Amino acid sequence: MSRELHLNLFVHTRGHHESAWRHPDASPLALTDFNYYRRLADLAEGAAFDAVFLADVLALGQRHGHSAQGGLEPLTLLGALSSVTSRIGLIATASTTYTEPYNLARQFASLDHLSNGRVGWNIVTSWAPAAAANFGHVGQVGHGERYERAEDFLQAVTALWDSWDDDAVLDDRAGGVYFDPAKIRPIHHDGPWSKVEGPLNIPRGPQGRPVYVQAGSSEPGRRFGATWAEAIFTAHSGKGSAKEFYSAIKQQAQALGRRPDHVVILPGISATIGSTEAEAHRVEAELAELNRPETGLQHLSNRFGGHDFTALPLDRPLAAGDFPDPTKVEASLSRAQGIARLALDEGLTLRQLLTRLAGARGHFATVGTPEQIADTIDDWFQSGAADGFNVMPPILPAQFELFTEEVVPLLRRRGLFRSEYRGETLRQHLGLPRPEAGSPAADRARRSA
(Lines give C-alpha, C1' and ligand atoms only; values in the text may rest on other atoms or scores of the structure.)
Protein backbone atom coordinates (compact mmCIF):
# COMPACT_ATOMS: atom_id res chain seq x y z
CA MET A 1 0.00 0.00 0.00
CA SER A 2 1.28 3.51 -0.79
CA ARG A 3 2.38 5.83 1.97
CA GLU A 4 -0.58 7.41 3.78
CA LEU A 5 -0.86 10.75 5.55
CA HIS A 6 -1.54 10.73 9.29
CA LEU A 7 -3.62 13.39 11.01
CA ASN A 8 -3.98 13.97 14.73
CA LEU A 9 -6.10 16.57 16.53
CA PHE A 10 -4.24 18.43 19.29
CA VAL A 11 -6.85 19.82 21.70
CA HIS A 12 -5.64 22.89 23.58
CA THR A 13 -8.02 25.09 25.61
CA ARG A 14 -10.36 26.85 23.12
CA GLY A 15 -7.76 26.90 20.38
CA HIS A 16 -4.02 27.15 19.88
CA HIS A 17 -3.90 30.91 19.50
CA GLU A 18 -3.40 32.32 22.99
CA SER A 19 -6.31 34.74 22.45
CA ALA A 20 -8.68 32.12 21.01
CA TRP A 21 -10.73 31.88 24.20
CA ARG A 22 -11.86 35.50 23.67
CA HIS A 23 -12.84 35.11 20.00
CA PRO A 24 -16.59 34.95 19.22
CA ASP A 25 -16.09 31.76 17.18
CA ALA A 26 -14.62 29.89 20.16
CA SER A 27 -16.75 27.43 22.10
CA PRO A 28 -18.80 28.97 24.91
CA LEU A 29 -18.42 25.81 27.00
CA ALA A 30 -16.18 25.71 30.06
CA LEU A 31 -12.85 23.88 29.83
CA THR A 32 -14.22 21.49 32.47
CA ASP A 33 -17.34 20.64 30.41
CA PHE A 34 -17.08 17.11 29.01
CA ASN A 35 -19.39 18.01 26.14
CA TYR A 36 -16.73 20.34 24.74
CA TYR A 37 -14.21 17.52 24.37
CA ARG A 38 -16.83 15.04 23.20
CA ARG A 39 -17.79 17.37 20.34
CA LEU A 40 -14.17 17.68 19.22
CA ALA A 41 -13.60 13.92 19.43
CA ASP A 42 -16.77 13.33 17.39
CA LEU A 43 -15.55 15.74 14.70
CA ALA A 44 -12.13 14.09 14.57
CA GLU A 45 -13.57 10.57 14.49
CA GLY A 46 -16.05 11.56 11.78
CA ALA A 47 -13.10 12.69 9.67
CA ALA A 48 -11.21 9.40 10.36
CA PHE A 49 -8.34 11.13 12.18
CA ASP A 50 -5.77 8.84 13.75
CA ALA A 51 -6.13 10.28 17.24
CA VAL A 52 -7.08 13.05 19.63
CA PHE A 53 -4.16 14.31 21.71
CA LEU A 54 -4.29 16.01 25.12
CA ALA A 55 -1.23 17.82 26.46
CA ASP A 56 -0.69 18.47 30.16
CA VAL A 57 1.30 20.78 32.44
CA LEU A 58 1.63 19.93 36.13
CA ALA A 59 1.29 23.49 37.36
CA LEU A 60 -0.83 26.58 36.82
CA GLY A 61 1.28 28.26 34.18
CA GLN A 62 0.10 31.85 34.43
CA ARG A 63 -1.51 33.70 37.30
CA HIS A 64 -2.31 37.05 35.75
CA GLY A 65 -5.72 35.75 34.69
CA HIS A 66 -5.52 36.64 30.99
CA SER A 67 -5.05 33.15 29.51
CA ALA A 68 -7.44 30.20 29.40
CA GLN A 69 -6.30 27.45 31.78
CA GLY A 70 -7.79 24.84 34.07
CA GLY A 71 -8.79 21.99 31.76
CA LEU A 72 -9.36 18.40 32.84
CA GLU A 73 -6.69 15.85 33.77
CA PRO A 74 -5.92 13.93 30.54
CA LEU A 75 -6.11 10.29 31.65
CA THR A 76 -9.43 10.83 33.39
CA LEU A 77 -10.80 12.64 30.35
CA LEU A 78 -9.65 9.93 27.94
CA GLY A 79 -11.38 7.32 30.07
CA ALA A 80 -14.62 9.22 29.56
CA LEU A 81 -13.98 9.75 25.83
CA SER A 82 -13.27 6.05 25.35
CA SER A 83 -16.88 5.29 26.27
CA VAL A 84 -18.40 7.66 23.66
CA THR A 85 -16.04 6.96 20.73
CA SER A 86 -15.32 3.71 18.95
CA ARG A 87 -12.43 4.07 16.49
CA ILE A 88 -10.34 7.17 17.05
CA GLY A 89 -7.08 6.90 18.96
CA LEU A 90 -6.76 8.60 22.34
CA ILE A 91 -3.38 10.01 23.39
CA ALA A 92 -2.74 11.37 26.89
CA THR A 93 0.29 13.11 28.33
CA ALA A 94 1.92 11.79 31.50
CA SER A 95 5.23 12.64 33.13
CA THR A 96 8.21 10.37 33.72
CA THR A 97 9.60 12.84 36.27
CA TYR A 98 6.62 13.18 38.60
CA THR A 99 4.89 9.79 38.25
CA GLU A 100 5.66 6.29 39.55
CA PRO A 101 6.13 3.61 36.85
CA TYR A 102 3.75 1.11 38.45
CA ASN A 103 0.89 3.60 38.78
CA LEU A 104 1.29 4.84 35.22
CA ALA A 105 1.49 1.29 33.83
CA ARG A 106 -1.79 0.40 35.56
CA GLN A 107 -3.55 3.53 34.33
CA PHE A 108 -2.60 3.12 30.69
CA ALA A 109 -3.21 -0.64 30.71
CA SER A 110 -6.70 0.05 32.04
CA LEU A 111 -7.33 2.69 29.36
CA ASP A 112 -6.13 0.36 26.63
CA HIS A 113 -8.65 -2.26 27.76
CA LEU A 114 -11.46 0.28 28.17
CA SER A 115 -10.87 1.69 24.67
CA ASN A 116 -10.30 -1.70 22.99
CA GLY A 117 -6.76 -0.78 22.02
CA ARG A 118 -6.87 2.91 21.11
CA VAL A 119 -4.53 4.48 23.67
CA GLY A 120 -1.22 6.25 23.24
CA TRP A 121 1.10 7.73 25.88
CA ASN A 122 2.72 11.10 25.20
CA ILE A 123 5.92 10.74 27.19
CA VAL A 124 7.08 14.01 28.75
CA THR A 125 9.83 14.84 31.20
CA SER A 126 7.94 17.96 32.44
CA TRP A 127 9.79 21.14 31.63
CA ALA A 128 7.48 23.64 33.43
CA PRO A 129 9.55 25.37 36.15
CA ALA A 130 6.65 25.49 38.62
CA ALA A 131 5.94 21.74 38.46
CA ALA A 132 8.78 20.70 40.75
CA ALA A 133 7.36 22.48 43.79
CA ASN A 134 4.04 20.71 43.37
CA PHE A 135 5.75 17.36 43.88
CA GLY A 136 8.07 18.15 46.77
CA HIS A 137 11.19 18.95 44.75
CA VAL A 138 13.42 21.84 45.75
CA GLY A 139 14.24 23.51 42.44
CA GLN A 140 13.55 22.22 38.98
CA VAL A 141 14.94 18.81 38.02
CA GLY A 142 17.71 19.40 35.47
CA HIS A 143 17.22 18.71 31.77
CA GLY A 144 19.82 15.94 31.58
CA GLU A 145 18.58 14.26 34.74
CA ARG A 146 15.00 14.31 33.45
CA TYR A 147 16.02 12.26 30.41
CA GLU A 148 18.04 9.85 32.56
CA ARG A 149 14.92 9.32 34.67
CA ALA A 150 12.83 8.88 31.52
CA GLU A 151 15.11 6.12 30.18
CA ASP A 152 14.87 4.23 33.46
CA PHE A 153 11.11 4.82 33.60
CA LEU A 154 10.54 3.46 30.07
CA GLN A 155 12.46 0.31 30.83
CA ALA A 156 10.32 -0.28 33.92
CA VAL A 157 6.90 0.36 32.38
CA THR A 158 7.73 -1.57 29.22
CA ALA A 159 8.67 -4.57 31.32
CA LEU A 160 5.46 -4.21 33.34
CA TRP A 161 3.25 -4.13 30.24
CA ASP A 162 5.07 -7.21 28.97
CA SER A 163 4.97 -9.09 32.27
CA TRP A 164 1.83 -10.97 31.17
CA ASP A 165 1.76 -13.20 28.10
CA ASP A 166 -1.16 -12.54 25.81
CA ASP A 167 -2.71 -15.89 26.68
CA ALA A 168 -2.03 -15.81 30.43
CA VAL A 169 -5.72 -15.50 31.34
CA LEU A 170 -7.39 -18.91 30.97
CA ASP A 171 -10.69 -18.20 32.75
CA ASP A 172 -11.21 -21.97 33.00
CA ARG A 173 -14.29 -22.21 35.20
CA ALA A 174 -14.58 -25.96 34.97
CA GLY A 175 -10.95 -26.54 35.87
CA GLY A 176 -10.84 -23.77 38.43
CA VAL A 177 -7.85 -21.98 36.91
CA TYR A 178 -8.19 -18.29 36.12
CA PHE A 179 -4.64 -17.56 34.93
CA ASP A 180 -1.50 -19.53 34.18
CA PRO A 181 1.20 -18.49 36.72
CA ALA A 182 3.92 -19.60 34.32
CA LYS A 183 2.86 -16.88 31.88
CA ILE A 184 3.11 -14.00 34.35
CA ARG A 185 6.58 -12.81 35.38
CA PRO A 186 8.06 -10.40 37.93
CA ILE A 187 10.29 -7.84 36.24
CA HIS A 188 12.92 -7.28 38.99
CA HIS A 189 13.60 -3.78 37.70
CA ASP A 190 16.49 -2.25 39.65
CA GLY A 191 17.26 1.03 37.93
CA PRO A 192 19.07 4.16 39.08
CA TRP A 193 15.78 6.02 39.62
CA SER A 194 13.11 3.39 40.12
CA LYS A 195 12.90 -0.08 41.60
CA VAL A 196 9.88 -2.16 40.63
CA GLU A 197 9.37 -5.83 41.39
CA GLY A 198 6.24 -6.52 39.35
CA PRO A 199 4.48 -8.14 37.68
CA LEU A 200 1.68 -5.75 36.74
CA ASN A 201 -1.68 -6.65 38.27
CA ILE A 202 -3.59 -6.06 35.00
CA PRO A 203 -3.42 -8.37 31.97
CA ARG A 204 -1.75 -7.25 28.76
CA GLY A 205 -3.83 -4.77 26.77
CA PRO A 206 -5.23 -5.19 23.24
CA GLN A 207 -2.25 -3.30 21.77
CA GLY A 208 0.29 -5.06 23.98
CA ARG A 209 1.52 -1.65 25.06
CA PRO A 210 0.19 1.85 24.45
CA VAL A 211 1.68 3.63 21.45
CA TYR A 212 4.77 5.52 22.63
CA VAL A 213 4.55 9.19 21.65
CA GLN A 214 7.23 11.80 22.37
CA ALA A 215 7.91 15.45 21.58
CA GLY A 216 11.46 16.36 22.65
CA SER A 217 13.74 17.90 20.02
CA SER A 218 16.89 18.69 22.02
CA GLU A 219 19.82 16.32 21.49
CA PRO A 220 18.82 14.17 24.50
CA GLY A 221 15.21 14.38 23.30
CA ARG A 222 16.15 13.22 19.80
CA ARG A 223 18.14 10.28 21.16
CA PHE A 224 15.27 9.33 23.41
CA GLY A 225 12.74 9.63 20.56
CA ALA A 226 14.84 7.59 18.14
CA THR A 227 15.19 4.92 20.82
CA TRP A 228 11.66 4.66 22.15
CA ALA A 229 9.10 6.76 20.26
CA GLU A 230 6.65 5.29 17.78
CA ALA A 231 5.18 8.71 17.00
CA ILE A 232 6.92 12.05 17.46
CA PHE A 233 5.17 15.40 17.79
CA THR A 234 7.61 18.11 16.75
CA ALA A 235 7.61 21.90 16.38
CA HIS A 236 9.10 23.69 13.36
CA SER A 237 8.46 27.17 12.06
CA GLY A 238 9.43 26.18 8.50
CA LYS A 239 9.86 23.20 6.19
CA GLY A 240 13.67 23.34 6.14
CA SER A 241 14.15 22.53 9.82
CA ALA A 242 11.33 19.97 9.63
CA LYS A 243 13.14 18.10 6.84
CA GLU A 244 16.40 18.12 8.78
CA PHE A 245 14.68 16.76 11.89
CA TYR A 246 12.77 14.12 9.90
CA SER A 247 15.89 12.82 8.19
CA ALA A 248 17.98 12.82 11.38
CA ILE A 249 15.41 10.93 13.45
CA LYS A 250 14.81 8.31 10.78
CA GLN A 251 18.55 7.75 10.45
CA GLN A 252 19.03 7.53 14.22
CA ALA A 253 16.20 5.01 14.52
CA GLN A 254 17.63 2.89 11.72
CA ALA A 255 21.07 2.94 13.35
CA LEU A 256 19.42 1.49 16.46
CA GLY A 257 18.03 -1.40 14.46
CA ARG A 258 14.53 0.03 14.13
CA ARG A 259 12.49 0.40 10.97
CA PRO A 260 12.26 4.11 10.08
CA ASP A 261 8.61 3.75 9.07
CA HIS A 262 7.85 2.62 12.63
CA VAL A 263 8.65 6.15 13.84
CA VAL A 264 5.82 8.38 12.63
CA ILE A 265 6.83 12.06 12.62
CA LEU A 266 4.05 14.62 12.99
CA PRO A 267 4.97 18.33 12.99
CA GLY A 268 2.41 20.73 14.39
CA ILE A 269 0.41 22.83 11.94
CA SER A 270 -1.84 25.69 13.02
CA ALA A 271 -3.84 26.73 9.96
CA THR A 272 -6.08 29.78 9.96
CA ILE A 273 -8.58 29.02 7.20
CA GLY A 274 -10.94 31.23 5.23
CA SER A 275 -12.93 30.82 2.02
CA THR A 276 -10.63 33.50 0.58
CA GLU A 277 -7.17 34.67 1.60
CA ALA A 278 -8.69 37.95 2.72
CA GLU A 279 -11.13 36.15 5.02
CA ALA A 280 -8.36 34.01 6.52
CA HIS A 281 -6.22 37.07 7.18
CA ARG A 282 -9.22 38.81 8.73
CA VAL A 283 -9.51 36.01 11.31
CA GLU A 284 -5.76 36.18 11.92
CA ALA A 285 -6.02 39.94 12.50
CA GLU A 286 -8.96 39.50 14.87
CA LEU A 287 -6.94 37.11 16.99
CA ALA A 288 -3.90 39.40 16.97
CA GLU A 289 -6.06 42.30 18.10
CA LEU A 290 -7.05 40.29 21.18
CA ASN A 291 -3.43 39.64 22.23
CA ARG A 292 -2.18 40.88 25.58
CA PRO A 293 1.61 41.38 25.88
CA GLU A 294 1.71 40.10 29.48
CA THR A 295 0.34 36.75 28.34
CA GLY A 296 2.99 36.36 25.67
CA LEU A 297 5.74 37.49 28.00
CA GLN A 298 4.75 34.90 30.58
CA HIS A 299 4.72 32.15 27.95
CA LEU A 300 8.17 33.27 26.79
CA SER A 301 9.48 33.37 30.35
CA ASN A 302 8.25 29.85 31.02
CA ARG A 303 10.01 28.52 27.93
CA PHE A 304 13.28 30.02 29.18
CA GLY A 305 12.99 28.64 32.71
CA GLY A 306 11.54 31.76 34.32
CA HIS A 307 13.77 34.40 32.69
CA ASP A 308 12.30 37.92 32.97
CA PHE A 309 11.84 39.63 29.58
CA THR A 310 9.64 42.47 30.85
CA ALA A 311 12.45 45.07 30.94
CA LEU A 312 13.09 44.75 27.19
CA PRO A 313 11.56 47.35 24.85
CA LEU A 314 8.77 45.87 22.73
CA ASP A 315 9.77 47.53 19.44
CA ARG A 316 13.57 47.15 19.23
CA PRO A 317 15.00 44.23 17.22
CA LEU A 318 16.12 41.54 19.61
CA ALA A 319 19.81 40.74 20.08
CA ALA A 320 21.53 37.57 21.28
CA GLY A 321 22.20 39.16 24.66
CA ASP A 322 18.48 39.63 25.25
CA PHE A 323 18.13 35.87 25.76
CA PRO A 324 19.69 33.67 28.42
CA ASP A 325 22.08 31.10 26.95
CA PRO A 326 19.58 28.66 25.34
CA THR A 327 21.99 25.75 25.79
CA LYS A 328 21.77 26.18 29.57
CA VAL A 329 17.98 26.41 29.85
CA GLU A 330 16.64 23.70 32.14
CA ALA A 331 13.03 24.08 30.96
CA SER A 332 12.00 23.47 27.34
CA LEU A 333 15.51 23.35 25.89
CA SER A 334 14.70 22.64 22.23
CA ARG A 335 11.86 25.16 22.14
CA ALA A 336 14.01 27.87 23.77
CA GLN A 337 16.73 27.31 21.19
CA GLY A 338 14.18 27.44 18.36
CA ILE A 339 12.60 30.66 19.65
CA ALA A 340 15.94 32.44 19.99
CA ARG A 341 17.01 31.29 16.52
CA LEU A 342 13.72 32.47 14.99
CA ALA A 343 13.99 35.93 16.56
CA LEU A 344 17.63 36.48 15.62
CA ASP A 345 17.46 35.01 12.10
CA GLU A 346 14.47 37.16 11.17
CA GLY A 347 15.45 40.28 13.10
CA LEU A 348 12.21 40.32 15.08
CA THR A 349 11.30 42.83 17.75
CA LEU A 350 9.95 41.49 21.02
CA ARG A 351 6.44 42.53 20.01
CA GLN A 352 6.78 40.70 16.68
CA LEU A 353 8.14 37.61 18.40
CA LEU A 354 5.25 37.56 20.86
CA THR A 355 2.81 37.87 17.95
CA ARG A 356 4.47 34.97 16.14
CA LEU A 357 4.46 32.77 19.22
CA ALA A 358 0.86 33.64 20.10
CA GLY A 359 -0.41 31.69 17.11
CA ALA A 360 1.16 28.31 17.80
CA ARG A 361 4.00 28.61 20.36
CA GLY A 362 6.75 27.95 17.79
CA HIS A 363 4.88 25.42 15.66
CA PHE A 364 4.26 26.08 11.97
CA ALA A 365 1.46 28.62 11.55
CA THR A 366 -0.06 29.37 8.16
CA VAL A 367 -2.99 31.35 6.80
CA GLY A 368 -4.97 30.71 3.65
CA THR A 369 -7.76 29.01 1.76
CA PRO A 370 -8.49 25.27 2.09
CA GLU A 371 -6.67 24.69 -1.20
CA GLN A 372 -3.57 26.52 0.04
CA ILE A 373 -3.55 24.61 3.31
CA ALA A 374 -3.91 21.30 1.43
CA ASP A 375 -1.04 22.36 -0.87
CA THR A 376 1.21 22.99 2.13
CA ILE A 377 0.36 19.66 3.76
CA ASP A 378 0.91 17.85 0.46
CA ASP A 379 4.26 19.58 -0.07
CA TRP A 380 5.63 18.80 3.39
CA PHE A 381 4.43 15.19 3.19
CA GLN A 382 5.86 14.53 -0.28
CA SER A 383 9.18 16.30 0.30
CA GLY A 384 10.26 14.37 3.39
CA ALA A 385 9.35 16.83 6.13
CA ALA A 386 6.47 14.89 7.71
CA ASP A 387 4.54 11.62 7.86
CA GLY A 388 1.49 13.68 8.75
CA PHE A 389 0.54 16.50 11.07
CA ASN A 390 -0.49 17.29 14.60
CA VAL A 391 -3.37 19.59 13.66
CA MET A 392 -3.53 22.61 15.98
CA PRO A 393 -6.56 24.75 15.05
CA PRO A 394 -6.20 28.36 16.19
CA ILE A 395 -9.86 28.48 17.29
CA LEU A 396 -11.87 25.51 18.56
CA PRO A 397 -14.15 24.17 17.33
CA ALA A 398 -14.73 26.63 14.43
CA GLN A 399 -11.38 26.34 12.66
CA PHE A 400 -11.30 22.56 13.14
CA GLU A 401 -14.75 22.29 11.56
CA LEU A 402 -13.38 24.14 8.53
CA PHE A 403 -10.36 21.82 8.43
CA THR A 404 -12.49 18.66 8.45
CA GLU A 405 -15.12 20.02 6.05
CA GLU A 406 -12.86 21.79 3.56
CA VAL A 407 -9.24 20.60 3.80
CA VAL A 408 -9.70 16.88 4.49
CA PRO A 409 -11.84 16.26 1.34
CA LEU A 410 -9.09 17.89 -0.76
CA LEU A 411 -6.48 15.59 0.78
CA ARG A 412 -8.69 12.60 0.00
CA ARG A 413 -9.11 13.65 -3.63
CA ARG A 414 -5.31 13.72 -3.91
CA GLY A 415 -5.14 10.16 -2.55
CA LEU A 416 -3.27 11.24 0.58
CA PHE A 417 -5.75 10.50 3.35
CA ARG A 418 -8.24 7.71 4.00
CA SER A 419 -11.99 8.17 3.81
CA GLU A 420 -12.69 5.60 6.55
CA TYR A 421 -10.88 3.60 9.20
CA ARG A 422 -9.37 0.30 8.10
CA GLY A 423 -8.24 -0.85 11.53
CA GLU A 424 -9.53 -0.96 15.09
CA THR A 425 -6.53 0.10 17.19
CA LEU A 426 -4.31 3.17 17.27
CA ARG A 427 -1.37 1.01 16.25
CA GLN A 428 -3.28 -0.07 13.15
CA HIS A 429 -4.20 3.53 12.30
CA LEU A 430 -0.51 4.50 12.46
CA GLY A 431 0.76 1.41 10.64
CA LEU A 432 2.67 0.19 13.70
CA PRO A 433 3.25 -3.43 14.73
CA ARG A 434 1.86 -4.94 17.90
CA PRO A 435 4.88 -5.81 20.11
CA GLU A 436 5.16 -9.33 21.40
CA ALA A 437 5.12 -10.01 25.12
CA GLY A 438 8.38 -10.83 26.82
CA SER A 439 10.47 -8.62 24.55
CA PRO A 440 11.78 -5.93 26.97
CA ALA A 441 15.10 -7.70 27.55
CA ALA A 442 15.80 -7.78 23.82
CA ASP A 443 14.66 -4.16 23.52
CA ARG A 444 16.95 -3.05 26.30
CA ALA A 445 19.93 -4.90 24.82
CA ARG A 446 19.36 -3.28 21.42
CA ARG A 447 18.75 0.20 22.84
CA SER A 448 21.88 0.15 24.99
CA ALA A 449 24.10 -1.17 22.21
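Placed above this text is the structure.
Residues numbered from 1 in each chain as written. Predicted model: local features only at pLDDT ≥ 70, side-chain atom pairs only at ≥ 80, totals over all residues. Heavy atoms only, no water.

Here we take up the overall build of the protein. Within the protein, the regular secondary structure consists of 15 helices and 13 strands. Taken over C-alpha atoms, the radius of gyration comes to 22 Å for the protein, in line with the 22 Å a tight globule of 449 residues would show. When its C-alpha atoms are laid out on the principal axes, the protein stretches across 75 × 50 × 40 Å. Burial status across the protein gives 54% buried among its 449 residues. Relative to all contacts within the protein whose residues are 6 or more apart in sequence, the contacts with residues 24 or more apart total 78%. Within the structure as shown, the protein displays about 18,600 Å² of accessible surface, and the carbon and sulfur contribution to it stands at 50%. Measuring between centres, the 44 positive side-chain charges of the protein sit 2 Å from its 53 negative side-chain charges. (Helix = DSSP H or I, 4+ residues; strand = E, 2+ residues; numbered from the N terminus. Rg over C-alpha atoms; globule rule 2.2 N^0.38 Å. Buried < 20%, exposed > 50% of the residue type's maximum accessible area, 1.4 Å probe, protein only. Contact = heavy atoms within 4.5 Å. Areas by Shrake-Rupley, 256 points an atom, 1.4 Å probe, with all protein chains shown as cover. Lys, Arg positive; Asp, Glu negative; His and termini not counted. Charge placed at Lys NZ, Arg CZ, Asp CG, Glu CD.)

Together, V169, Y178 and F179 make up an exposed nonpolar region whose accessible area comes to about 280 Å². Of note, F179 is situated in strand β6 (residues 177–179). (Patch = residues over 30% accessible without salt bridge, like charges linked within 9 Å, V, L, I, M, F, W, Y side chains within 5 Å. Salt bridge = Lys/Arg side-chain N within 4 Å of Asp/Glu carboxyl O.)

Moving on to the environment of L300. Residue placement: L300 occurs in helix α9 (residues 293–303). The spatial distance from the C-alpha of L300 to the C-alpha of L354 is 7.9 Å, given a sequence separation of 54 residues. Residues contacting L300, with those up to four places away along its chain left out, are F309, I339, L350, L353, L354 and L357.

Let us now look at the nonpolar core. Of all hydrophobic cores here, the largest spans 76 residues; its most connected members are L7, F49, W121, W161 and F403. No other element matches the 9 residues that helix α5 (residues 143–161) contributes to this core. With 17 residues, the next largest nonpolar core counts L297, L312, F323 and A336 among its residues. (Core = buried A, V, L, I, M, F, W, Y, C linked by side-chain atoms within 4.5 Å.)

Attention shifts here to the pairing of strand β2 (residues 51–54). Residues A51 and F53 line one face of β2 and the alternating positions V52 and L54 line the opposite face, and both faces are buried. Note: strand β1 (residues 6–11) against β2, 4 bridges, orientation parallel. Counterpart to L9 in the pairing with β2 is V52. Following the backbone out of β1, through helix α1 (residues 34–46) and into the adjacent parallel β2, one traces a crossover that is right-handed. Sheet topology note: the β2/strand β3 (residues 89–95) ladder contains 4 bridges and is parallel. If you follow V52 over to β3, its bridge partner there is L90. (Pairing = 2+ DSSP bridges. Right-handed = clockwise from strand over helix to strand, strands pointing away.)

Let us look at the pairing of strand β9 (residues 211–214). Looking along a regular strand, one sees side chains alternate from face to face of the sheet. Every second residue of β9 is oriented toward a common face, with V211 and V213 on one face and Y212 and Q214 on the other, all of them buried. Bridge analysis of β9 against strand β10 (residues 231–234) gives 2 bridges, and the strand direction is parallel. What sits directly across from Q214, in β10, is I232. Remark: the β9/helix α6 (residues 219–228)/β10 crossover connection has right-handed handedness.

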